[in-house]
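Structure at a glance
Each chain, letter by letter, is given below.
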Amino acid sequence: MRPFLAQFAPSRFPYGKLLSALAIGFIGGCIFLYFHLPLPWMLGSLVTCLVASLFNMRIAVPGIVRPPMLMLVGVVLGSGFTPEMAGSMMDWLPGLGILVLFVIVTAACCYVFFRRAGGLDHWTAFFSGMPGGLVEMTALGEVYGANTRTIALVHSSRIMLVVLTLPFVLSFVGGQALTGTTRSGASVLDAPISEELWLFGTALCGAFVGRLLSLPSPFLMGPMLMSAAVHLTGISAFHAPWEIIAFAQLVLGSALGCSFAGVKKSDILHILRVSVGSTIFLLAASTSCALLVAHLTGRPILSLLLAFSPGGLTETSLMALSLHVDVAFVATHHVLRVFFVAVSATLLARALKGSKLAKEDASPAE
């Protein structure tokens, strides 16, 4: 317990940088809210913190702050699973099958793109091209001697670009005007105390289970699975107050914007140039798959666009929550994608290790 609390000592924890980042993110959220732009607390905080990072402002969202937010988001996502939907999950299988093919094809194409257009070495391009699991791909890349900073920047850029552009893709393809609304639940002032007790209790128990089972992104998936079990079995139908959801979006959006802090502008610009090309391809491919599944199954195109989105599980699911789209459907597709990418990347990397392709010498991106 003492080592954990020691991390919050004033000499070790950047309180000033964190407060500055949240203040800048809050200003961005207010600006987006004023102009009725989509997902104001996530996108507004992301954009303003990204700009602040590019101008070398002293801002940061330490990694230790992120898990509690992920735990809350996981519980919120799990609350989208209801007893009524249990019987309809079999109807999701065609889309899930196409999702697996989507991951295989896009991963192969992104690998080739990063090798040729980005100039990345074999293992850096391999783990950068996997569409999902930033933490898992960075950790695996370190094992195989890849440039982990490049992998992290590529995945952060992909998520950031998807989060910034996807609302407008949804508006154009889905035909739904996206506004700056954030109130997707009751206020914390109106909700009974039992709601908060269920929320935090499920979050803590889920995080423990997630770590115990070594789940990918345990602080997100553990609480999500625990919350889904509670809601699917009908034990409780609690929902998180909208202020908690908005605050989680503010922190996570600020953290994503701050992920570029301290990186040289030349490195950021190079990664962004490469990431723009790969993200355009991924968005085009995911939109095509969503349209195909919508034609085959008749499911709403908006939920399919979010389900096939190449963005992060957390960010895309929060979009679904804010847009009142079927959160369980979207989250299930992204959970499968994260699991499939983590498992297949591990097995494929082991198979490729020692191959002629893996031994090729190539310089990492400058």
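Throughout what follows, the structure given in this document is the object of discussion. These figures come from a predicted structure and were not determined experimentally.

Moving on, we come to the packing of helix α5 (residues 93-116) against helix α12 (residues 265-297). The description of two helices packed together rests on the angle between their axes and the distance between the axes. Where α5 meets α12, the closest approach of the two axes is 10 Å, and the angle between their N-to-C directions is 160 degrees. In terms of axis orientation, α5 runs roughly antiparallel to α12. By crossing handedness, the relation of α5 to α12 is classed as right-handed. Listed contacts from α12 to Pro94, Gly95, Ile98, Phe102, Thr106, Cys109, Cys110, Phe113 and Phe114 of α5 are Val274, Gly277, Ser278, Phe281, Leu282, Ala285, Ser286, Cys289, Leu292, Val293, Leu296 and Thr297.

Attention shifts here to the environment of Ile31. Position of Ile31 relative to the elements: it lies in helix α2 (residues 15-34). Relative accessible area serves as the criterion here: at 39%, Ile31 is assigned to the partly exposed category. Each C-alpha atom of the pair Ile31 and Ala261 lies 22 Å from the other, and the pair is 230 residues apart in sequence.

With that settled, the discussion passes to the side chain of Ser79. You can see Ser79 is positioned in the loop between α4 (66-78) and α5. A relative accessible area of 8% means that Ser79 is categorised as buried. Residues in contact with Ser79, not counting those within four places in the same chain, are Ser227, His231, Phe238 and His239.

Scanning all chains against the criterion turns up 13 aromatic pairs. Between Trp123 and Tyr144, the ring centres sit 4.7 Å apart and the planes meet at 35 degrees, which makes this aromatic pair tilted. One end of the pair, Trp123, is in helix α6 (residues 122-129); the other, Tyr144, is in the loop between α7 (134-143) and α8 (148-174), with 21 residues separating them in the sequence. Here Trp123 falls in the buried class, since its relative accessible area comes to 9%.

Cut-offs used in this document
- Residues numbered from 1 in each chain as written.
- Predicted model: local features only at pLDDT ≥ 70, side-chain atom pairs only at ≥ 80, totals over all residues.
- Heavy atoms only, no water.
- Axes fitted to C-alpha atoms, helices over the stretch in contact; angles between N-to-C directions.
- Helix = DSSP H or I, 4+ residues; strand = E, 2+ residues; numbered from the N terminus.
- Parallel < 35°, antiparallel > 145°, perpendicular 65-115°, else oblique.
- Left-handed = near helix turned anticlockwise from the far one by under 90°.
- Contact = heavy atoms within 4.5 Å.
- Buried < 20%, exposed > 50% of the residue type's maximum accessible area, 1.4 Å probe, protein only.
- Phe/Tyr/Trp six-rings, centres within 6.5 Å; stacked < 30°, edge-to-face > 60°.

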